[in-house]
Amino acid sequence: MEVVRVQAIATTISNKIDTIPFEFIRPVTEQPALTTFTGPVPEIPTIDLSDPNTDNLVHTIAKISSEWGLFQVVNHGVPVDVIKRLQSVGKEFFELPQEEKEVYARPPNAMSLEGYGTKLQKEVAGKKAWVDYLFHNVWPPSHVNYKFWPKNPSSYREANEEYAQCLREVVDKLLVLLSLGLGLEGNVMREAFGGDDLEYLLKINYYPPCPRPDLALGVAPHTDMSALTILVPNEVPGLQVFKDDHWFDAKYIPNALIVHIGDQVEILSNGKYKSVYHRAIVNKDRVRISWPVFCSPPQDMVVGPLPQLVNEENPAKYKTKKYKDYEYCKLNKLPQ
Ligand code: OGA
Ligand code: NI
């Protein structure tokens with residue numbers, strides 16, 4: 001059966017028609033217009049990664065990772081033009097004619113998430129998300145399958161490889177800071193997630209303009225199953241974070257990276273750091289695009305609360321299991 005892309009639906013709906021297909025209309029408990037917090041908004045914290053005061057950095061990141069599970073980083077060392085190139089080649093790919101994009105379509109029932117696609121998870125009540133996406137691994141080289149990397153634009157590969165290289169340094173630095181924040185040696189977290197074998201999966205989310213952004217969602221509420229997710233947004237805001245029973249907007253900070261604590265960091269830290277519950281809303285007139293990279297342990301890596309953090313007063317709050325088993329349960333909505 002031919003999959004209908006959201007981008008195609010969006011272009012066929014006339015702007016004058018103020019409606020969207022039924023399967024995109026969220027229940028009232030999820031509709032952004034009814035559930036977004038509108039009072040004075042607590043700012044999602046921003047961290048200057050070039051702060052020479054390491055103790056301060058460690059303390060701040062640890063606190064925010066326990067309270068929010070999400071923060072923006074500036075002065076992260078990824079050059080502005082590297083981010084710009086990543087964005088421009090990704091945007092160009094989604095602006096190609098539909099049949100050119102379909103060359104990269106994710107094969108139905110494939111084990112891997114890689115490829116161009118429209119729907120990953122079966123959602124509650126069969127509701128659909130207003131988004132198309134492209135997934136492909138960017139690191140380590142042994143996991144890269146260029147079959148899923150667009151050939152057009154021709155600089156797609158170079159731009160993505162350049163970004164992945166820069167991103168690895170940021171992730172290594174964050175893992176050191178997060179380890180130190182637990183009172184552990186700096187290398188503990190990185191090693192627990194496989195060291196150089198940590199896997200980087202890039203996703204491009206393409207959210208077409210939506211005639212009823214008040215009723216639809218780009219991405220339904222979820223936590224990421226990764227260790228960390230580092231996201232580059234475009235200038236159209238849409239990411240929302242759930243905290244203290246409310247949905248808050250993440251504001252757009254040019255050239256910042258948005259760091260999500262994922263499930264594996266929560267598990268390893270035995271709950272000290274929180275995997276952030278988040279969702280994405282869409283825009284009436286403008287295309288929103290985001291580039292999250294999910295950094296996850298290798299499939300066979302066993303992840304559980306670090307023994308150093310567990311004792312009689314603090315028993316393990318999570319099961320210890322292979323990452324691939326965690327992933328299987330998460331994708332199929334089975335209990336962990
Ligand atoms: C995701 C996600 C948020 C965004 O793809 O997992 O949470 O801002 N995206 O696009
Ligand atoms: Ni996410």
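Cut-offs applied
- Numbering of residues begins from 1 in every chain and follows the order in which that chain's sequence is written.
- Here the convention is simple: chains get letters from A, ligands get numbers from 1, in the order in which they are written.
- Whole-chain, interface and lining totals are the exception, using all residues; otherwise, since this is a predicted model, local features are given only for residues with pLDDT of at least 70 and side-chain atom pairs are given and counted only at 80 or more.
- Hydrogens and waters are ignored; side-chain quantities use all the structure's heavy atoms.
- Runs of H or I in DSSP of at least four residues are treated as helices and runs of E of at least two as strands, each being numbered from the N terminus.
- With C-alpha atoms as the basis for the radius of gyration, the globule rule is written as 2.2 Å multiplied by the number of residues raised to the power 0.38.
- Under the scheme applied here, a residue whose accessible area is under 20% of the maximum for its type counts as buried, over 50% as exposed, and between as partly exposed, the area being computed with a 1.4 Å probe on protein chains only.
- Any pair of residues with heavy atoms lying within 4.5 Å of one another is described as a contacting pair.
- Method for areas: the Shrake-Rupley scheme with a 1.4 Å probe, in which residue coverage is limited to the protein chains shown.
- The charged-residue count follows a simple rule in which Lys and Arg add positive charge and Asp and Glu add negative charge, with His and chain termini not counted at all.
- To locate a charge, take atom NZ for lysine, CZ for arginine, CG for aspartate or CD for glutamate.
- UniProt positions are given in the numbering used here, feature names are shortened, and annotations may be inferred rather than shown by experiment.
- Strands qualify as paired when DSSP identifies two bridges or more between them.
- Think of each axis as a best-fit line through the C-alpha atoms, taken over the contacting stretch in the case of a helix, with angles from 0 to 180 degrees between the N-to-C directions.
- Metal sites are built from N, O and S donor atoms within 2.8 Å, or 3.2 Å for Na, K and Ca, and they leave out water, so they may look incomplete.
- Summary of the distance rule: residues count as near a molecule or strand when at least one heavy atom falls within 4 Å of that molecule or strand.
- Whenever a nitrogen or oxygen atom comes within 3.5 Å of another N or O atom, the pair is scored as a polar contact, on the condition that within protein one atom can donate a hydrogen and the other can accept it, and that pairs from neighbouring residues in sequence are kept only if both atoms are in side chains.

Enquirer: A description of the overall build of the chain should follow, citing residues and the corresponding values.
Expert: Counting its regular elements, the chain contains 9 helices and 14 strands. Compactness check: the chain gives a C-alpha radius of gyration of 20 Å against a globular reference of 20 Å for 336 residues, within 12% of the reference. Reported as C-alpha extents along the three principal axes, the dimensions of the chain are approximately 60 × 45 × 40 Å. Counting the 336 residues in the chain, one finds 54% classified as buried. Within the chain, counting contacts between residues at least 6 apart in sequence, those at least 24 apart form 77% of the total. When the accessible surface of the chain is totalled, it reaches about 15,700 Å², and 55% of it is carbon and sulfur. Computing the positive centroid from 36 side-chain charges and the negative centroid from 42, the chain places the two 5 Å apart.

Enquirer: Explain the UniProt feature "domain: Fe2OG dioxygenase" (unreviewed entry) in the chain to me, and be specific about the residues and the numbers.
Expert: Here, UniProt's "domain: Fe2OG dioxygenase" (unreviewed entry) annotation points to residues 197-297. With 6% helix and 45% strand, residues 197-297 has its two end C-alpha atoms placed 7 Å apart.

Enquirer: Pulling in residues and values, what's your account of the environment of Val78?
Expert: One can find Val78 in the loop between β2 (70-74) and α4 (80-94). Through-space distance from the C-alpha of Val78 to that of Tyr273 is 25 Å; in sequence the pair is 195 residues apart. When neighbours within four sequence positions are excluded, Val78 is seen to be in contact with Ile83, Tyr163, Cys166, Val170 and Leu257.

Enquirer: Mind laying out the sheet that holds strand β5 (residues 199-207), listing which residues take part and the relevant values?
Expert: The strand order across the open sheet formed by 8 strands is β1-β2-β10-β7-β12-β5-β4-β3, and the pairing between neighbours is mixed. One side of each edge strand has no neighbouring strand; the edge strands of this open sheet are β1 (46-48) and β3 (115-117). The average angle at which neighbouring strand axes cross in this sheet is 25°, direction not considered. Across the sheet, α4 is in contact with β3, β4 (132-139), β5, β7 (228-233), β10 (257-261) and β12 (288-296); its angle to β12 comes to roughly 115°.

Enquirer: Give a description of the coordination of the nickel ion (ligand 2) that names residues and reports values.
Expert: Within the protein, His222 (NE2), Asp224 (OD) and His278 (NE2) serve as the donor atoms for the nickel ion (ligand 2), at 2.1 to 2.2 Å. All donor residues of the nickel ion (ligand 2) come from one chain, and their arrangement in sequence is H-x1-D-x53-H. Of this pair, Asp224 sits in the loop between β6 (219-222) and β7 while His278 sits in strand β11 (residues 278-280), and the two are 54 residues apart along the sequence. Among the residues examined, His278 registers a relative accessible area of 4% and is labelled buried.

Enquirer: How would you sum up the site of ligand 1? Please name residues and give values.
Expert: Lining the immediate environment of ligand 1, one finds Lys203, Asn205, Tyr207, His222, Asp224, Leu231, Leu239, His278, Arg288, Ser290, Pro292 and Phe294. A distance of 2.9 Å separates an oxygen atom of ligand 1 from a polar side-chain atom of His278. Contact distances for ligand 1 include 2.6 Å between an oxygen atom and a side-chain N or O atom of Ser290. Compared with its free state, where it exposes 290 Å², ligand 1 has 97% of that area covered by protein.

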